[in-house]
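Notes for the structure review
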Amino acid sequence: MDESCYKYIEKLVPAAYVRQATEASASRRAQIKLLLEQKKWPSTGWDDATIELFLHEVSVMDSNNFQSNVGVGEREARIHSSLVARRHYGFGHGVGRSGDVTATQPKAAGSSLLVQLTNHLLRDVMRTMGVRSTAACVVLPVATGMSLVLTMLTLRSLRPNAKYVLWPRIDQKSCFKSIVTAGLTPIVIENKLVGDELQTDIDAVRHQIETLGADNVLCVMTTTSCFAPRTPDRIVDIARLCKDKGVGHIINNAYGVQAARCMNLIEEAHRCGRVDAFVQSTDKNFLVPVGGAVVAGCSKKFIDDIAKTYPGRASAAPMLDVFITLLSLGSSGYKKLVADRKVKQNGATIKCVLTAGAVNSHF
């Protein structure tokens, strides 16, 4: 309700009580206005009532929710179950259009608004968590592996003759399968044992680029987060090498947004060398159901090109989940979760060391 409505309410309810309600409503409106104006991740999380108020108001901007809408001949946003409609807050048009997953939909101004807001919020998330040079982000309605496929296909459109992807080995199937699914040839780079760690063999990567020819190598796919004894790839050194050789560099940062070390390494890699894009899972980093990924990069044009590579429109569900969660947590809430996790991790490490010492084992 706007201010004119409250004037009529005062004729039915004492003005003092109405003023209290008006002030509470104005506070929520101020949060919404600030979000629309700044397009920044709010520091303090929103309560559920404010989030739902905003979602309902945005939802009625879509044509399927117009009061006078008949929907004759409509192909989309025809929802039979009220449970399904409520689950999606009335958003039925999905995101994007046939040629661009971030394009504005003529019949869905509200859905289109959420796409732009979510991508702006995620850019702010990446900058806040350490990759300050992030220029753009896009939420894709597929998980990390398929998002890597789309990223490589976009890079291949710029270098159509290149067919090899150099991949420092990590024993995880989706990374390897993403290369094959993109129609490219994986060249597995074995890691080298240094002390009790498996580290990236930079010399082997350089040797393969020189042997295959830089023009034939599409990119190096590196990984920031992995299981011991493998360490995160030496992405800064690889970024320098890729820049020097004119080879692409895609980073699988599936778990990395929540890890300061991973994000700082990506920022340094971009400053010192070449990073085309870095890809992160929505469920692993933002506490939402499986189904989406965030592709980010320091070139807005390249991220826009990835959005245009996605065929057709897409489900809005992964984007909506992330949008709600980012507003609910706020940057301070997210940072607190990361800090709490680090304290618990350090405590668990100390206990493991003490236990290993007690049984005279190596940790």
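The notes below deal with the structure included here. Treat the numbers as computed from the prediction; the structure is a model and nothing was measured.

Quick look at the overall build of the chain now. A count of helices and strands for the chain gives 13 helices and 9 strands. Overall, the C-alpha framework of the chain stretches about 80 × 60 × 35 Å when taken along its three principal axes. In the chain, which comprises 363 residues, the proportion classed as buried is 47%. For the chain, contacts bridging at least 24 residues in sequence account for 70% of all contacts bridging at least 6.

Before going further, it helps to examine helix 7 (residues 173-181). Turning to helix 7, its buried residues number three or more, namely Cys175, Ser178 and Ile179. In a view along the axis of helix 7, the buried residues occupy a sector of 95 degrees, so they form one face of it. Pointing more than 90 degrees away from the buried face of helix 7 are the exposed residues Lys173, Lys177 and Thr181. Buried positions along helix 7 lie against helix 6 (144-158), strand 2 (164-168), strand 3 (185-189), strand 6 (217-223) and strand 7 (248-252). Directly after helix 7, the chain includes Gly183, whose backbone phi takes a positive value near 80 degrees.

On to the environment of Ile170, then. Mapped onto the elements of the fold, Ile170 is located in the loop between strand 2 and helix 7. Exposure remark for Ile170: the relative accessible area of 11% places this residue in the buried category. Placed 20 residues apart in sequence, Ile170 and Glu190 show a C-alpha to C-alpha distance of 8.8 Å.

Within a sheet, each strand pairs with its neighbour through backbone hydrogen bonds, oriented either parallel or antiparallel. Strands sit in the order 1-9-8-7-6-2-3 across an open sheet of 7 strands; the sheet is mixed. The open sheet has two edge strands, strand 1 (136-140) and strand 3, and neither has a second partner. The average undirected angle you get between the axes of adjacent strands in this sheet is 20 degrees. Note: strand 2 against strand 6, 3 bridges, orientation parallel. Residue pairing across strands places Val165 opposite Cys219, the latter belonging to strand 6. Each of strand 2, strand 3, strand 6 and strand 7 touches helix 7; the most contacted strand, strand 3, lies at about 145 degrees to it.

Applying the stated rule across the entire model yields 1 cavity of 30 Å³ or more. The computed volume of the largest cavity comes to approximately 90 Å³. Val95, Val101, Thr102, Val115, Asn119, Val138, Val139, Leu140, Pro141, Ser315, Pro318 and Met319 are the residues that line the largest cavity. At the level of elements, helix 5 (109-128), strand 1 and helix 13 (317-358) are the ones that each hand at least two residues to the lining of the largest cavity. With 3 residues, strand 1 is the single largest residue contributor to the lining of the largest cavity. Classifying every residue of the lining of the largest cavity by side-chain character gives 9 nonpolar, 3 polar and no charged.

Here we come to the nonpolar core. Of all hydrophobic cores here, the largest spans 78 residues; its most connected members are Phe54, Leu114, Met126, Met152, Phe286 and Phe323. Examining the composition of this core, we find that 8 residues originate from one element, helix 13, more than from any other. In this structure Met126 touches Val131, Thr134, Cys137, Val257, Met263, Phe278, Gln280, Phe286, Val294 and Ala296, once residues within four positions along its chain are discounted. Membership of the second largest hydrophobic core comes to 13 residues, among which are Tyr164, Ile209, Leu241 and Cys242.

We now examine the pairing of strand 9 (residues 293-297). Within strand 9, 5 of the 5 residues are buried, which leaves it mostly tucked inside the rest of the structure. Taking every second residue as pointing to the same face, both faces of strand 9 are buried, with Ala293, Val295 and Gly297 on one and Val294 and Ala296 on the other. As judged from the 5 bridges shared by strand 1 and strand 9, these two strands associate in the antiparallel manner. Bridge pairing in strand 9 places Val138 opposite Val295.

The next subject is the packing of helix 6 against helix 12 (residues 300-309). Contact pair helix 6 / helix 12: the axes reach a minimum separation of 9 Å and the direction vectors enclose 110 degrees. With respect to helix 12, the axis of helix 6 lies roughly perpendicular. Residue-level contacts link Leu150, Thr151, Leu153, Thr154, Leu155 and Leu158 of helix 6 to Phe302, Asp305, Ile306 and Thr309 of helix 12.

Definitions and cut-offs
- Residues numbered from 1 in each chain as written.
- Predicted model: local features only at pLDDT ≥ 70, side-chain atom pairs only at ≥ 80, totals over all residues.
- Heavy atoms only, no water.
- Helix = DSSP H or I, 4+ residues; strand = E, 2+ residues; numbered from the N terminus.
- Buried < 20%, exposed > 50% of the residue type's maximum accessible area, 1.4 Å probe, protein only.
- Contact = heavy atoms within 4.5 Å.
- Arc of directions from axis to C-beta.
- Pairing = 2+ DSSP bridges.
- Axes fitted to C-alpha atoms, helices over the stretch in contact; angles between N-to-C directions.
- 1 Å grid on protein atoms, 1.4 Å probe; cavity = no way out; pocket = protein on both sides within 12 Å on 5 of 7 lines; lining within 4 Å.
- Points joined across faces, edges and corners; volume = space filled by probe spheres on them.
- Nonpolar A, V, L, I, M, F, W, Y, C, P; charged D, E, K, R; others polar.
- Core = buried A, V, L, I, M, F, W, Y, C linked by side-chain atoms within 4.5 Å.
- Parallel < 35°, antiparallel > 145°, perpendicular 65-115°, else oblique.

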